[in-house]
Amino acid sequence: MSHSIGSPNQKNYDVEAGSNRSGDDEESNNVFEIHRTKHVSVDRLRRWRQAALVLNASRRFRYTLDLKKEEEKKQTLRKIRAHAQAIRAAFLFKDSVPLENGTVPPKPRSAGEFPIDQEELASISRDHNFSSLQQYGGASLPRDLFCYLTFYINVMVFLIVVSLYQVKGLCDLLKTSLEKGIPGSDDDLLKRKNAYGSNTYPRKKPRSFWRFLWEACQDLTLIILMVAAVASLALGIKTEGIKEGWYDGGSIAFAVLLVIVVTAISDYKQSLQFQNLNEEKRNIQIEVVRGGRRVEVSIYDLVVGDVIPLNIGDQVPADGVLITGHSLSIDESSMTGESKIVRKDTKEPFLMSGCKVADGNGIMLVTSVGINTEWGLLMASISEDTGEETPLQVRLNGVATFIGIVGLTVAFLVLIVLLVRYFTGHTLNADGTPQFVSGKTKFGKAIDGAIKIVTIAVTIVVVAVPEGLPLAVTLTLAYSMRKMMADKALVRRLSACETMGSATTICSDKTGTLTLNQMTVVESCACLRKVNSNDGKPDLSPTISSLIIEGIAQNTTGNVYVPETGGDVEVTGSPTEKAILQWALKLGMNFVAARSQSSILHVFPFNSEKKRGGVAVKLPNSEVHIHWKGAAEIILASCTRYIDSDDQVAAMDDDKRMFFRKSIEEMASGSLRCVAMAYLPYELGNVPTGEEQLADWALPADDLVLLAIVGIKDPCRPGVGDAVRLCQKAGVKVRMVTGDNVQTAKAIALECGILTSDSELCEPILIEGKVFRELSDKQREDYAEKISVMGRSSPNDKLLLVQALRRRGHVVAVTGDGTNDAPALHEADIGLAMGIQGTEVAKESSDIIILDDNFASVVKVVRWGRSVYANIQKFIQFQLTVNVAALVINVVAAISSGEVPLNAVQLLWVNLIMDTLGALALATEPPTNHLMDRPPVGRREPLITNIMWRNLLIQAVYQITVLLILNFRGKSILNLEHDTTEHADKVKNTLIFNTFVLCQIFNEFNARKPDEFNIFKGITKNYLFMGIIAVTLVLQILIVEFLGKFTTTVRLNWKYWLISVVIAVISWPLAVVGKLIPVPETPFHKYITRTSAFKYCTSCPRIFRRRKARAEVSVLNHVSQ
């Protein structure tokens, strides 16, 4: 079954979900309609809370955003930031005062085996104490070295040496090597943790089980029932004695306690799941240098003395000082509250934990971890888990409020009817005598009768107000999030789970998402020819090889580690960097030697906007080479020369340029990523000499000499084609947005099924980012609808595409891994960051992290998103069926006879089945492939679809009809006319109660598959559902057969049990017949909104507001006159 893919504003209906229109974020008049909680205002969040009918606020709002705590958190942040800035200001003032002659800096205090203790380290990093860094680091260089650096070496080298020398003293105190880091042995790590602490901070204790128990007790209706139980208990013991008089009150009290305990256990287990998921979110993997190797460790395992490489997009994992850096800029807004990018260099070397690398790269030395950092102090002072509401949660609060109002009205009506009948003498005892006779009935007995009536009315409220309905969302989300972890998806925002079910389009990266991210250089071109390989070694002359090796070794963020004891060479870095470094190793590169033969003057880090990165290096003979590496066609466009087969620099005419361009196109059409390398000889005298001028120097990028072009193979992931086809079948359009060459993107798109034929290879289906960004807003919207592949796109192009698609009404999911992808991830309805290649900035801006960077995992997230919505609908259908049946049966019986067949204890048991147990059984159904056979769920679709209305009304009408017949004609049908009236009533009411409960148990099976005939499909795999059904059935048998004193029931013989089971079983064939009845496509609620009465009711408030406004204006005019 396939679906056409177009704008979601087109009318595209689903049998179960209704019409498929994804609305935008404009405010709705309904306070419970918040379609996107990602950027919603606090005022809107407060409004729906105030409008909700809530019986237990502490439980209902447990997993929503705590607005009070959020404000307290902001105030705490402001205080800590102000305190830290005051301390730094004091130290700056102190540093500005010159030391007196002869003043000797204090010697550092030791910390165990280390010569410097934690307090002094904190004074360096946390307080930005530059004078202490100079004292411990030895800011005064030896005179002969200073003179040599000043007169013979370039300023950049001078600054690097000063920086290294300055930090060297601190490294010696911490027993750390600048090049190799700490040894990293278990013994060494333990000593460092004992001396300086671990990189953790004390977190507030999670809520205990007793806290959940206390919150469950705060339900207003349960409190009233407990008070009624105590009063009934006292009156019963007083009138009937302790032996018989405690049953009524005791049974209600026990039932209430059972509800409280089961609710608390369910909520507590749910909270444990969230705690585990939060721990996963915080556990960031960091690359450190230990024993000369770059290894990945958990952020919790960092220790003082660690040497950490920093790249763009990384989070600074601890406090420290800069060892060396190139154009390193840090976003310190998380700590200072000011959105200001701070450049880090020898004058400003201090790095704060929790900040992000905005640009450049560098290496840092860790000086403080955990609670000894400002970030650790801040995290320990605030509560991180302040909750978050989801759109579905808010909508369900609206549904619960509406049902609750109906339930309260019904309960109040039952209360009035029963009280009037009781005090007018129309309520009869089993023997036919009135229960209350004015002037004759004792006061205590009258009060006891009134309490029983109030208890019944309150219990109806308990059943009628679905407190557990909004919490069922949290339950299914907690379950889904835990299962999604196994499917390699870490959910950072709860609402993303739901929203993913509404996604109409996925804008996916190519590299690592649709491909394996396992890159190797398979082709190369240099000297105006294809380079052949002899025994794996590229056939290039020593001259061009040395230039290529020089550029690759210095212009990289990767690393090559050669074990001293022998063994395989370890290459680290991004997949592209690793592929190029491995190719250079085949050329004969000695990484350490190549880097030592020249010194870096300035670095232009790779930029996804410019799609290239460069480095200026100084050779021993004072020559300067500027090396560039980047997108092949962009580097080629900057080249005017190349090195020919005779190792001579030759001019590049049109024919030569066309040869290189064709080489790029051939590689790209073979789905290869093309990277070019070029260099420029430069005069040392033209290099800026001042530190600030050098930092702002724009490396020359024109008139380059082309060295080589390499083609890097990155195969498509196995199964990605099936995943793309599944999305298309489900009505979700997959678009590839990549920074790679358009031809490479086209080849991969054809391979994985995003493009299906050559006829689709024209604009705008296949488009370049530059073309798209130059369009007008209106043109971009029109083009966005048709785009399947966008090549050579910048992060800003991705953002423009997301904005255009959202304006067209799409629900957009976007994948991203780079720092510059953060705006698009933030703007999208669902931001999906890559867990392996993604930067911390990208992950922070995302809603879900795809842990294996696999597109197939993205598709699994879509399925889980639809499952969340489907499970909630199943639970609503089941719960509303119980609500309608229980309310109607009790109301009709109360009005007609003054007695209700379902008493307080029985209704509490029904509430337990319907609420907590029902949610556990239905809200945790695993997703099925059937979910991907329908279009996306519209965000404005009614929660209760026409199919649900049909199903629940059929079941409710059936149950009401059968049970009311039993209530009014049960004695004659069951041949109980010859029994005593009291026993006959008890048997009849027990049969009604038993049948009602069994109907709900059998109807749970129906609720599993609202639109499928086979309700048993996959049931054997759902152990939780089967377990809950079994437990419910066993408890029902125990209640009827052995707990009659508490529930006012009698034992039933096998005939009556058979009658109950037969009546309940009929609900299965009835459901099958019901599914044959067609339903209109127009949602049921729209018929109501079209009626004149509804329009009048909804217009009344507006008319009233207009009249009030006119009246106010009239009064003001009158006063002014």
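Residues numbered from 1 in each chain as written. Predicted model: local features only at pLDDT ≥ 70, side-chain atom pairs only at ≥ 80, totals over all residues. Heavy atoms only, no water.

What follows is about the overall build of the protein chain. Of the regular secondary structure elements, the protein chain holds 41 helices and 30 strands. Residues classed as buried in the protein chain amount to 56% of the 1121 residues present. Contacts in the protein chain between residues far apart in sequence, at least 24 positions, make up 74% of those at least 6 positions apart. As displayed, the protein chain has an accessible area near 48,400 Å², and 57% of this comes from carbon and sulfur atoms. (Helix = DSSP H or I, 4+ residues; strand = E, 2+ residues; numbered from the N terminus. Buried < 20%, exposed > 50% of the residue type's maximum accessible area, 1.4 Å probe, protein only. Contact = heavy atoms within 4.5 Å. Areas by Shrake-Rupley, 256 points an atom, 1.4 Å probe, with all protein chains shown as cover.)

Applying the stated rule across the entire model yields 15 aromatic pairs. Ring geometry for Tyr642 and Phe660: centres 5.9 Å apart, planes at 65 degrees, overall edge-to-face. Here Phe660 lies in helix α23 (residues 654-669) and Tyr642 lies in strand β21 (residues 639-643), a separation of 18 residues in the sequence. Overall, Tyr642 belongs to the buried group, its relative accessible area being 6%. Taking 5.0 Å as the distance between ring centres and 85 degrees as the angle between the ring planes, the aromatic pair formed by Phe1016 and Trp1068 counts as edge-to-face. One end of the pair, Phe1016, is in the loop between α35 (981-1008) and α36 (1023-1042); the other, Trp1068, is in helix α39 (residues 1067-1074), and 52 residues separate them in sequence. Ring pairing ties together the aromatic residues Phe1002, Phe1005, Phe1016, Phe1025 and Trp1068, which thus form one cluster. The cationic tip of Lys175 hangs over the ring face of Phe114; the distance from NZ or CZ to the ring centre is 5.6 Å. Its end group placed over the ring of Trp628, Arg612 keeps NZ or CZ at 5.2 Å from the ring centre. (Phe/Tyr/Trp six-rings, centres within 6.5 Å; stacked < 30°, edge-to-face > 60°. Lys NZ or Arg CZ within 6 Å of the ring centre and 35° of its normal.)

In this section: the pattern of salt bridges. For the coordinates displayed, the defined rule picks out 35 salt bridges. Between Lys344 and Glu332 there is a salt bridge, with its nearest N and O atoms 2.8 Å apart. One end of the pair, Lys344, is in the loop between β7 (341-343) and β8 (350-351); the other, Glu332, is in the loop between β6 (319-331) and α13 (333-336), and 12 residues separate them in sequence. Notably, a salt bridge pairs Lys656 with Asp653, separated by 3.4 Å at the nearest N-O pair. (Salt bridge = Lys/Arg side-chain N within 4 Å of Asp/Glu carboxyl O.)

So, about the pairing of β6. Burial analysis of β6 places 10 of its 13 residues in the buried class, which makes it a mostly covered element. Pairing of β6 with strand β9 (residues 356-368) involves 10 bridges; the strand directions are antiparallel. Along β9, the bridge assignment pairs Ile330 with Val357. Bridging between β6 and β8 involves two bridges; their strand directions are antiparallel. (Pairing = 2+ DSSP bridges.)

Looking now at the side chain of Asn1006. Within the secondary structure, Asn1006 is located in helix α35. A residue is classified by how much of its surface remains accessible, and Asn1006, at 4% relative accessible area, is buried. Not counting residues up to four positions away in its chain, the partners in contact with Asn1006 are Gln877, Gln955, Ile1015, Ser1067, Trp1068 and Ala1071.

Moving on to unusual backbone geometry. The backbone of Asn517 shows a phi angle near 65 degrees, a positive value even though the residue is not glycine. As for its position among the elements, Asn517 is in the loop between β11 (505-508) and β12 (520-526). Positive phi outside glycine occurs at Asp853, with the angle close to 60 degrees.

Consecutive residues of a regular strand have side chains that alternate between opposite faces of the sheet. When β21 meets strand β24 (residues 704-713), the two strands line up parallel, connected through three bridges. Residue pairing in the sheet places Cys639 in a bridge with Leu704 of β24. One ladder, built from three bridges, connects β21 with strand β22 (residues 649-651); its direction is antiparallel. Paired with Tyr642 across the two strands is Ala650, which belongs to β22. Linking β21 back to β22 in an antiparallel pair, the connection comprises five residues, with Asp647 at a positive phi of about 65 degrees.

It is worth spelling out the environment of Ile552 at this point. Along the chain, Ile552 falls in helix α19 (residues 542-554). Considered as a pair, Ile552 and His627 are 75 residues apart in the sequence and their alpha carbons are 8.5 Å apart. Ile552 has contacts with Ile580, Leu581, Trp583, Ala584 and Met677, leaving out every residue within four places of it along the chain.

So, about the confidence of the model for the protein chain. On average, residues of the protein chain carry a pLDDT of 79, and 80% of them reach 70 or more. In this model, residues 99-105 is a region of pLDDT below 50 whose contacts with residues beyond four sequence positions or in other chains number one contact. Every residue in residues 138-162 is under pLDDT 50, and counting partners more than four places away or in other chains gives 37 contacts. (pLDDT = per-residue confidence, 0-100.)

The next subject is the packing of helix α25 (residues 720-729) against helix α32 (residues 855-897). It is the contact of α25 with α32, at a shortest axis distance of 9 Å, that shows an interaxial angle of 30 degrees. The angle between the axes of α25 and α32 places the two elements in the roughly parallel class. Read as a crossing pair, α25 and α32 show a hand that is left-handed. From α25, Val720, Ala723, Val724, Leu726 and Cys727 reach across to α32, where they touch Phe855, Ala856 and Val859. Residue classes in the contact of α25 with α32 are distributed as eight nonpolar, no polar and no charged. (Axes fitted to C-alpha atoms, helices over the stretch in contact; angles between N-to-C directions. Parallel < 35°, antiparallel > 145°, perpendicular 65-115°, else oblique. Left-handed = near helix turned anticlockwise from the far one by under 90°. Nonpolar A, V, L, I, M, F, W, Y, C, P; charged D, E, K, R; others polar.)

What follows covers the sheet that holds strand β25 (residues 733-737). Read from one edge of the open sheet, eight strands run β10-β30-β29-β28-β11-β25-β27-β26, paired in mixed fashion. Each having just a single partner strand, β10 (489-491) and β26 (766-768) make up the two edges of the open sheet. For this sheet, the mean inter-axis angle between neighbouring strands, taken without regard to orientation, is 20 degrees. Bridge count between strand β28 (residues 812-816) and strand β29 (residues 830-834): four bridges; the pairing is parallel. Within β29, the position partnered with Val814 by the bridge is Gly831. Sheet strands touched by helix α26 (residues 742-752): β25, β26 and β27 (789-791). Its angle to β26, the strand with the most contacts, is close to 155 degrees.

Along the chain, the position of Asn967 falls in helix α34 (residues 946-973). Residues Asn967 and Ile992, 25 residues apart in the sequence, show an inter-C-alpha distance of 7.3 Å. Once residues within four sequence positions are removed from consideration, Asn967 is found in contact with Ala893, Pro901, Lys988, Asn989 and Ile992.

Counting residues in hydrophobic clusters, the biggest one holds 153 residues, and the most contacted among them are Ile754, Ile830, Ile848, Phe855 and Phe996. The element best represented in this core is α32, accounting for 20 residues. Among the nonpolar cores identified, the runner-up in size contains 42 residues, and Leu170, Ile284, Val297 and Ala318 belong to it. (Core = buried A, V, L, I, M, F, W, Y, C linked by side-chain atoms within 4.5 Å.)

We now examine α26. What α26 keeps buried is the set Val742, Thr744, Ala745, Ala747, Ile748, Ala749 and Cys752. Between the side-chain oxygen at the start of α26 and the backbone nitrogen of Gln743 there is a gap of 2.6 Å, and the oxygen is on Asn741. In the stretch just after α26, Gly753 is the one whose phi turns positive, near 95 degrees. (Polar contact = N/O pair within 3.5 Å; in protein donor to acceptor, adjacent residues only side chain to side chain.)

This next bit is on α35. Taking 1.5 Å per residue, 28 residues should reach 40 Å; α35 reaches 41 Å between its end C-alpha atoms and fits that length. The element α35 is extensively covered by neighbouring structure, given that 22 of its 28 residues are classed as buried. (Expected span 1.5 Å × (residues − 1).)

This brings us to a nonpolar patch on the surface. A contiguous nonpolar patch, built from Val1031, Val1034, Leu1035, Leu1038, Phe1042 and Leu1043 and spanning about 490 Å² of accessible area, is present on the exposed surface. As for its placement among the helices and strands, Leu1038 is situated in helix α36. (Patch = residues over 30% accessible without salt bridge, like charges linked within 9 Å, V, L, I, M, F, W, Y side chains within 5 Å.)

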